[in-house]
Amino acid sequence: MAEYTTRLLIIGSGPAGYTAGIYAARSGLKPILVAGPQVGGQLTITTEVENFPGFPVPVYGSELMNNMRQQAENVGVIIHEDIITELDVSSRPFALCSENGNCYKADAVIIATGASARWLGLESEAKFRGFGVSGCATCDGFFYRNKEVAVIGGGNTAVDEAIYLTNFAAKVTLIHRRDSLRADRALQERLFSNPKINVVWNSVVTEFLGSEEPLGLTGLKLKNIKTDEISELSVSGAFIAIGHHPNSDLFKGILELDDEGYIKTRPDSCATNIDGIFAAGDIKDPQFRQAVIAAGSGCMASLEAEKYLAGLKK
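Notes on the structure in this doc start here. Everything quoted here is computed from the prediction, not taken from an experiment.

### Brief notes about the sheet that holds strand E13 (residues 197-200)
Stage number 1. Ordered in space as E10-E17-E11-E12-E13, the five strands form an open sheet in which the pairing is parallel. Edge positions in the open sheet fall to strand E10 (133-134) and E13, since each of these has one partner strand only.
Stage number 2. As judged from the two bridges shared by E10 and strand E17 (residues 237-240), these two strands associate in the parallel manner. Residue pairing for E17: Val 133 is matched across the bridge by Ala 238.
Stage number 3. The strands touched by helix H5 (residues 156-165) are strand E11 (148-152), strand E12 (171-175), E13 and E17; relative to E12, the strand with the most contacts, the crossing angle is about 170°.

### Overview of the packing of aromatic side chains
Stage number 1. One pass over the full model with this rule turns up eight aromatic pairs.
Stage number 2. Aromatic side chains Phe 142 and Phe 143 sit 6.4 Å apart centroid to centroid with 75° between the ring planes, which places their arrangement in the edge-to-face category.
Stage number 3. Owing to a relative accessible area of 38%, Phe 142 belongs among the partly exposed residues under this scheme.
Stage number 4. With 5.4 Å between their ring centres and 65° between their planes, Tyr 164 and Phe 168 make a pair best called edge-to-face.
Stage number 5. Aromatic ring contacts, followed pair by pair, group Phe 142, Phe 143, Tyr 164 and Phe 168 into a single cluster.

### Some details on helix H6 (residues 185-192)
In an α-helix, one turn spans 3.6 residues; hence positions three or four apart end up facing the same way.
Stage number 1. Taken as a whole, H6 has its buried residues at Leu 187, Gln 188 and Leu 191. Along the axis of H6, the buried positions cluster into a sector of 100°, meaning they face one direction only. Turned more than 90 degrees away from the buried face of H6, the exposed residues are Arg 185, Ala 186 and Glu 189.
Stage number 2. Contacts from the buried residues of H6 go to H5, E12 and E13.

How each quantity is defined
Residues numbered from 1 in each chain as written. Predicted model: local features only at pLDDT ≥ 70, side-chain atom pairs only at ≥ 80, totals over all residues. Heavy atoms only, no water. Pairing = 2+ DSSP bridges. Helix = DSSP H or I, 4+ residues; strand = E, 2+ residues; numbered from the N terminus. Contact = heavy atoms within 4.5 Å. Axes fitted to C-alpha atoms, helices over the stretch in contact; angles between N-to-C directions. Phe/Tyr/Trp six-rings, centres within 6.5 Å; stacked < 30°, edge-to-face > 60°. Buried < 20%, exposed > 50% of the residue type's maximum accessible area, 1.4 Å probe, protein only. Arc of directions from axis to C-beta.

Here's what the structure looks like:
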């Protein structure tokens, strides 16, 4: 248990958090970064990343995040492997408490806690996550060129991802537990008119099937919820598209959130409704959820925080 004082505290250790730290450290702010429950963020459970600039060959997500961490530490970011559990904005500097019993005092805070994909919760799903099971078609779709894949879900995200995957996959099967989609009508029309897409209605995934050596997905076990009929579907990849949950529970009642729980920021800014608190990355981005965009907003948040802190000095 200890007390730490810093001009800038960063919460979260994904691309947004590390980038914010790098810029802040190079500005002489000596930031403290509290890593959170998943050090390195969601990219640590991604296998190969092919769309992050600067890597001519694919890089493993865990390697990319380790490189970001090393770069942050090399320029002076102080990283604590801890979890913030409480934020008090009633006085300045802001006071934050952690799971390890530490207390942090900061003149400015950057929140980069990200958003977590919602999963089905099956044991076999966790086993093949990163080995055929994915939560991001934009991230991993390229790896399934000329293969058959499935998308699980029925909203805009699921339909969008199914359509996107037809750019690579030989066949896309959309699996939905109901007999109609929740997606916008225009998206549904595009889906139904695409010859590469087939829809399996009234069905849920009960098990992900695959090989052990090498570990990889080979199919899905499906159950029709109306007839209880069990069937199997051969696929090389399965994309879970049942939504994301922004990691913003800590900030409810403190910061302004949208209806889905994402932190609201000012237009063309990372500033929140409380002066001195900024949000970056997926915690404020329900649309794109890309590492390069998160890193860019981490840079924005750091530059805005630096300007805010300079104003406090004056």
